[in-house]
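Report on the structure
Chain by chain, the residues:
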Amino acid sequence: MSRRASWLYALWVGLVVVVYVAVPAIGPLTYGVMVLTAFVSIMVGVRRNRPRRRLPWYLFAGGQLSFAVGTVTSLVLAEMLHRRAFPSVADAIFLGMFVPLSLLALRQLIRSGATVRDRASMLDAMILTAGAGLLSWTFLISPYLENPNLTLVEKAISVAYPLYDVLFLALLVRFAIGTARSPSVNLLLISGIGMLTADALYGLSQLNGAWALGGPIDLGWFLYFIAGGAAALPRSMTALTEPRVVLAPTEVHARRLVLGVASLVAPTILFFQALHGPVQDGLVIAIGSAVLVLLALARMSVVAGGLRRTLNRERELRRACEALLAATNAGEVRDVVHRAIATLLPPDTPHRAVLLLEGPETRDEQPANVSMRYTRSLPASAAAALGSFELTLHCPLSLGDRYVGDLYVAAAEAPLVDLQEAAPVLVGQAASILSTFALNREINRRDSEAYFRTLILNATDVILIVDAGGTVKYASPSAQVVFGTDDLADVDVTTLVAPDLRAVLTGDLTPEDADATGDQQWIVQRPDGTRVEVEMTVRDLRHEPTVDGLVLTLRDVTERRRLERELLRRAYIDPLTGLGNRLQFQDTVRNACVDAEASGTVAGVLLVNMDDFRLVNDTMGHDMGDALLIAIAERLADGVAGHGPVARLGADEFGTIVTGAAGVDEIEVIVERVITAFLDPFLIAGSSVTAQPTIGVSTTADATDSQQLISQADVALGAAKGAGKARWRRYEASLHAAVLQRMQLRAELDQAIADNAFTLHYQPIVDLATARVRGLEALVRWQHPTRGTVPPLEFIQVAEECGLIVPLGEWVMRTSIETAARWYHRFAADPPYISVNVSVRQFRAPGFVNRVLATLTRSGLPPRLLTVEITESLLLGDHESIGADIAVLRQAGVKVSIDDFGTGYSSLSYLHRVPVDTLKLDKSFVDTISTSAHQLDLVRGIIQLAATLRLSVVAEGIETAADQQLLVESGCAYGQGYLFARPLPGDQVDAWLDAQVGQPDRVGTPAA
């Protein structure tokens, strides 16, 4: 339709031109018809083609109409009214309407989306304009200004026309350089050139005084109207304001030639003026030359800046390409492209970028080249992601004929024009990487097929494909190893299971088995009779044409099951004795409780702890200890006599469960039998060893579950240990209360140590022959705020168990030494020594010896006045380290005494290995020496042994003068007891010592 309109327009304007030339009399009328035709043509073209921006075309049409009005007015004044006044109304119309409208119209077209924002093009236009302006000044403007016949107004109007031509030429050149060629663009350039030509000729004619119109001037103006009207008719007129990709102009030879000629205008004018006379307008020529030089320098700067921008763009593209090469998936490619777009755009440019990969819902059917498009015209998935931006740069991703996806970048028009050259390079690299991914996937898929085929053929797991009836259709090569034969085709899979287990497969293998969670356990019997344990998993793949059956995956787990059973056995069996361990014991107790409740019988738990077993380990070695444990396990099993299993729970702790008892009495009978079984000593490696059990008993009569039953037995065992050795106790509610009381006592003991709530009492140690005081033993006392006086045996044992004996013992040692230091200064002539009990745990605490010696130094007490009392059990441990610590104390002057001698382990071999000074004879030996000759002989033997070893003896618990006399006769030098004095509080000791020290020797004087 646009071509038809163009032909009709050409025919019409041709007819008008012919009439104008043939009938000069109606020239103004035909001239008006021509102008009206051009105006209507522009309006019709705008209405039919609907360009993106209509304002430039409306301004262009208004400029033509105003030019025509001015021209017709001028013709009427000249031809009809014969008035040649200057200036006239026509000049007002030209300068007031035509000039601004035409300049605005061309400027609007330059600012449309069809041009490139290029500073180089703008400078080129300015260079060309400056040259033309200099020519215009020399040949048009300067003559007008120098004409003495013109008024100031006439000169101003005369100068305004050449200035307008210069500005219009600048815009026209800018439009020509920065706009892609099209029919509409070419017609607009012809229209502008025609107008400039006619205007220049008209100005020259006025300068020469020839005011008539016609000839070339009319031809120029006719071109202006005819070409301008025709430019709006083709469809290409919309491209002038449509956003589209236009490449930046390149440096061509013709363009450089034109710019070179424009730059030489000033020297050329100067040259010709110098040849024909004196130089005129030298200042203007110099200014023009300077302007041209500055514009040339600016042009070079712009070119250099463009080169820098190109290098920066190439650098960013190189970085993006490197990042794309490092990408491993499409998501990383998308991230790299988005980051690259952000760096290629000017900083802080609002934009959105969307990379859509190939898909039926995203594929864009537009041509496979870069284009500028309206966002609303894009596929829905892209348009929704790009938001409210009007324009989008579309870059298809393709590699050869293969479509990969589309990149859409939405932003303002100017940044998109700057991006249009870099984006194709970026998307080309992205398309190459994405195509590489696809190629790698295809290669991997093919490799995977070969890989999995190799796996199936060489897998140790057996893969069977069976139909719904259970008949084998396929068996992998590994079936020969598991089933002992490779001939499994058409075999019923149920016949492969061990005969005694085939009953579990009651029918054909059904697809429902594929829905079962977990693995099924099978036992396969080979032709040679070997049984193989396997795990079987079923998958229903009948819907897969390549399989069409149930897939059975079988794994040989024979060795794993054997190891599991072995580990389970080891987890529940004590490796030394072969008895069950604590885990099995707990399970057995749990089952016994359930059975007792179900049957109405009574079950009992016996926790057995062997007394002094550690002494056997320490003195006779661990091999002897292990042999003793084995013998104890056998004797326990005999003692229970089939009433329940025996388990080893710890080092020397055993447990047994008595089940099926009619009542508690029956369980107690069994306990007595166990105690009796241990009366006879054990013969281990030729040595006779005695081991006695301490037993705690609980029954289901007092407990409701297994945990409570074991806990109650443990409480009873603790109570039996507290009562002595070779005892047993059955759980009672009072025992639980005692345990709670003991726990409370422990907490209160901790607080008492923190509050320093203990005191010391001192019992004198005297010379038995003279009854003179030689020393005092420090005894700790605890006066509880609510309980009253707590017996030492009660809280000392608790302190030993929880470790509080160490800080308590240090306080006793420090306080005793400080008190003895005071006695030393008070009774300097014959000061008494202080004897302090030290527990095994305290003595073995790191730094004990150093702390004792430091306390002696700090208090000023001579070491000879301190005696450290230890128990026999301390000497049965690490002899070397204990002996070394004792040697350090004795070397410093501290004396060491063995307390309660004769009540511990019966070996006396340590007496000649460990350096000590004194033996303290326990009260149990002294109590009966006056009534038992046998006991007296035993005491005499101990005293003679000590004399042989050069050790002093201190007898404890002397209460009668007869006991004192017998001990003196037996050779015992020292003693202590109620006969001489009871333990005295600290505030009474000084007065008692004042009364005793320095008095004559007294024998057998009873204590008050």
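This is a predicted model, so every value here is computed, not measured.

**Focus on the overall build of the protein chain**
- For the protein chain, the helix and strand inventory stands at 32 helices and 26 strands.
- Looking at the protein chain as a whole, 46% of its 1008 residues are labelled buried.
- Sequence-distant contacts in the protein chain: of pairs separated by 6 or more residues, those separated by 24 or more amount to 67%.
- For the protein chain, the accessible area works out to roughly 49,800 Å², and carbon and sulfur atoms hold 58% of it.

**Observations concerning the sheet that holds strand S5 (residues 462–466)**
- Spatial ordering of the open sheet is given by S6-S5-S9-S8-S7, a layout of 5 strands whose pairing is antiparallel. Edge strands, defined here as strands with exactly one partner in the open sheet, are strand S6 (472–475) and strand S7 (520–525). On average, each strand axis in the sheet is tilted by 30 degrees relative to the strand beside it, whichever way the strands run.
- Bridge count between S5 and strand S9 (residues 550–556): 5 bridges; the pairing is antiparallel. Each residue of the ladder has a partner; that of Val466, found in S9, is Leu550.

**A look at the pattern of salt bridges**
- Summed over all chains, the structure comprises 21 salt bridges.
- A salt bridge links Glu535 to Arg561; its shortest N-O distance comes to 2.8 Å. Remark: Arg561 occurs in helix H17 (residues 558–572) and Glu535 occurs in strand S8 (residues 531–540); sequence separation between them is 26 residues. For the pair Glu535 and Arg561, one class covers both residues: buried.
- We note a salt bridge from Arg774 to Asp767, for which the minimum N-O separation is 4.0 Å.
- What makes Asp767 buried here is its relative accessible area of 15%.

**Some remarks on the sheet that holds strand S12 (residues 653–661)**
- Pairing within the open sheet is mixed, and its 5 strands lie in the order S11-S12-S10-S15-S16. Each edge of the open sheet is held by one strand with a lone partner, namely strand S11 (646–648) and strand S16 (728–730). Sheet twist, expressed as the average angle between the axes of neighbouring strands with direction ignored, equals 20 degrees.
- Examined bridge by bridge, S11 and S12 share 3 bridges and lie antiparallel to one another. Its bridge partner lying in S12, Val646 is registered against Thr656.
- Across the face of the sheet, helix H21 (residues 664–677) comes into contact with strand S10 (602–610), S12, strand S15 (693–699) and S16 while running at roughly 170 degrees to S15.
- Packed onto the sheet, helix H22 (residues 706–723) meets S10, S12, S15 and S16 and runs at close to 145 degrees relative to S15.

**Examining the packing of helix H25 (residues 805–826) against helix H27 (residues 848–859)**
- Remark: H25 packs on H27, axes separated minimally by 9 Å, with the N-to-C direction vectors making an angle of 25 degrees. The angle between H25 and H27 places the two elements in the roughly parallel class. When you trace H25 past H27, the crossing you get is right-handed. In contact with Glu810, Met813, Arg814, Ile817 and Ala821 of H25, H27 contributes Phe848, Arg851, Val852, Thr855, Leu856 and Ser859.

**Things to note about helix H18 (residues 582–599)**
- With 18 residues, H18 should cover 26 Å at 1.5 Å per step; its first-to-last C-alpha distance of 25 Å lies within 8% of that length.
- Residues of H18 that are buried include every one of Phe585, Val589, Ala592, Cys593 and Ala596, and no others. Along the axis of H18, the buried residues cluster in a sector spanning 105 degrees; they form a single face. The exposed residues of H18 that point more than 90 degrees off its buried face are Val594 and Ala598.
- Looking at the buried residues of H18, the elements they touch are S10, S11, S12 and H22.
- One side-chain oxygen at the N-terminal end of H18 lies 3.2 Å from the backbone nitrogen of Leu583; it belongs to Asn581.

**What about the side chain of Glu533?**
- Mapped onto the elements, Glu533 comes out in strand S8.
- Non-local contacts of Glu533, meaning those with residues more than four positions away in its chain, are made with Trp522, Ile523, Arg555, Asp556, Val557, Thr558, Arg561 and Arg565.

**Side note on the nonpolar core**
- Formed by 80 residues in total, the largest nonpolar core has its most connected members in Phe758, Met813, Trp823, Ile834, Leu866 and Leu967.
- If you look at the next biggest cluster of nonpolar residues, it comprises 35 residues, including Val337, Leu407, Val409 and Ala430.

**What about the packing of aromatic side chains?**
- Scanning the model with the defined rule gives 4 aromatic pairs in all.
- Each ring, one from Phe758 and one from Trp782, has its centre 5.6 Å from the other, and the planes form 45 degrees; the classification is tilted. Note that Phe758 is positioned in strand S17 (residues 758–767) and Trp782 in strand S18 (residues 773–784), a separation of 24 residues in sequence. As far as burial versus exposure is concerned, Phe758 and Trp782 are alike and both buried.
- Considering the side-chain rings of Phe843 and Phe848, the 5.1 Å spacing of their centres and the 45 degrees angle between planes classify their relative orientation as tilted. Accessibility assignment for this pair places Phe843 and Phe848 in one class, buried.
- For the cation-ring pair, Arg635 lies above Phe678, with the distance from its terminal atom to the ring centre recorded as 5.9 Å.
- Over the ring of Tyr978 we find Arg982; its NZ or CZ atom is 4.0 Å from the centre of that ring.

**Here we look at H27**
- The end-to-end C-alpha separation of H27 is 17 Å, in line with the 16 Å expected for 12 residues at 1.5 Å each.
- Among all positions of H27, only Phe848, Val849, Val852, Thr855, Leu856 and Ser859 are buried. Taken down its axis, H27 places every buried residue within 130 degrees of arc, on the same side. Summarising the geometry of H27, the exposed residues directed more than 90 degrees from the buried face are Asn850, Thr857 and Arg858.

**Brief notes about the pairing of strand S3 (residues 391–399)**
- The element S3 is extensively covered by neighbouring structure, given that 7 of its 9 residues are classed as buried.
- Here strand S2 (residues 371–374) runs beside S3; their pairing, made up of 4 bridges, is antiparallel. Of the residues in S3, the one forming a bridge with Arg373 is Thr392.
- Pairing geometry for S3 and strand S4 (residues 402–411), over 9 bridges, is antiparallel. Note on S4: the bridge partner recorded for Leu399 is Arg402.

**A short note on the confidence of the model for the protein chain**
- Mean pLDDT over the protein chain: 77, with 74% of residues reaching 70 or higher.
- The spread of mean pLDDT over the elements of the protein chain runs between helix H9 (residues 253–263), the lowest at 59, and strand S25 (residues 974–975), the highest at 94.
- Taken together, the stretch residues 247–252 has pLDDT below 50 and engages in 13 contacts with residues farther than four places along the chain or on a different chain.
- Overall, residues 1000–1008 carries pLDDT values under 50, and its contacts beyond four positions in sequence, including any with other chains, amount to 17 contacts.

**Looking at the environment of Val333**
- As for its position among the elements, Val333 is in helix H12 (residues 330–344).
- Residues Val333 and Leu434, 101 residues apart in the sequence, show an inter-C-alpha distance of 7.8 Å.

**Concerning the packing of helix H20 (residues 622–640) against H21**
- Two numbers describe how H20 lies on H21: the axes approach to 8 Å, and their chain directions differ by 145 degrees. Relative to H21, H20 is oriented so that their crossing is right-handed. Across from Arg635, Leu636, Gly639 and Val640 in H20, the residues of H21 making contact are Ile670, Arg673, Val674 and Ala677.
- Looking at the contact of H20 with H21, its residues break down into 5 nonpolar, 1 polar and 2 charged.

**Details of unusual backbone geometry**
- Unlike most non-glycine residues, Asp348 shows phi in positive territory, near 60 degrees.
- Here Asp348 shows up in the loop between H12 and strand S1 (352–357).
- Look at Asp348 and you get exposed, because its relative accessible area is 78%.
- Even without a glycine there, the phi angle at Arg950 is positive, about 60 degrees.
- Among the structural elements, Arg950 can be located in the loop between helix H30 (933–948) and strand S24 (952–955).
- Arg950 sits in the exposed class, given a relative accessible area of 78%.

Conventions adopted
Note that residues are indexed from 1 along each chain, following the sequence as it is written. For a predicted model such as this one, the threshold for reporting local features is a pLDDT of at least 70, and the threshold for listing and counting side-chain atom pairs is 80 or more; totals across whole chains, interfaces and linings nevertheless cover every residue. The side-chain quantities take in all heavy atoms of the structure and omit both hydrogens and water. A run of H or I in DSSP counts as a helix once it spans at least four residues, and a run of E counts as a strand once it spans at least two, with each numbered from the N terminus. Burial status follows relative accessibility: with a 1.4 Å probe on protein chains alone, a residue under 20% of its type maximum counts as buried, one over 50% as exposed, and anything between as partly exposed. The contact rule is simple, with two residues in contact once any of their heavy atoms fall within 4.5 Å. Surface accessibility in these figures is a Shrake-Rupley result with a 1.4 Å probe; residues are shielded only by whichever protein chains are displayed. Note on pairing: DSSP must find at least two bridges between two strands before they are called paired. The convention used is that axes are lines fitted to C-alpha atoms, helices contributing only their stretch in contact, and that angles between N-to-C directions extend from 0 to 180 degrees. The working definition used for a salt bridge is a side-chain nitrogen of Lys or Arg within 4 Å of a carboxyl oxygen of Asp or Glu. Oblique is the label for any angle not under 35 degrees, not over 145, and not in the 65 to 115 range, which are roughly parallel, roughly antiparallel and roughly perpendicular in turn. Each crossing gets its handedness from the near helix: less than a right angle anticlockwise from the far helix is left-handed, clockwise is right-handed. Multiplying one less than the number of residues by 1.5 Å gives the expected span of a helix. Taken from the helix axis, the directions to the C-beta atoms give the arc we talk about. Distance and chemistry together define a polar contact, namely a pair of N or O atoms within 3.5 Å, with one atom able to donate a hydrogen and the other to accept it when in protein, and with adjacent residues in sequence counting only for side-chain atoms on both sides. Nine residue types can take part in a nonpolar core, namely buried Ala, Val, Leu, Ile, Met, Phe, Trp, Tyr and Cys, and a core is a set of them joined through side-chain atoms within 4.5 Å. Only the six-membered ring of Trp is used, alongside the rings of Phe and Tyr, when aromatic pairs are assigned; centres must lie within 6.5 Å, and planes under 30 degrees apart are stacked while those over 60 apart are edge-to-face, with the rest tilted. Note on geometry: a ring has a charge over it if NZ (lysine) or CZ (arginine) is within 6 Å of the ring centre and within 35 degrees of the ring normal. Scored between 0 and 100, pLDDT is the confidence that the predictor attaches to each residue. The classification used treats Ala, Val, Leu, Ile, Met, Phe, Trp, Tyr, Cys and Pro as nonpolar, Asp, Glu, Lys and Arg as charged, and all other residues, Gly among them, as polar.

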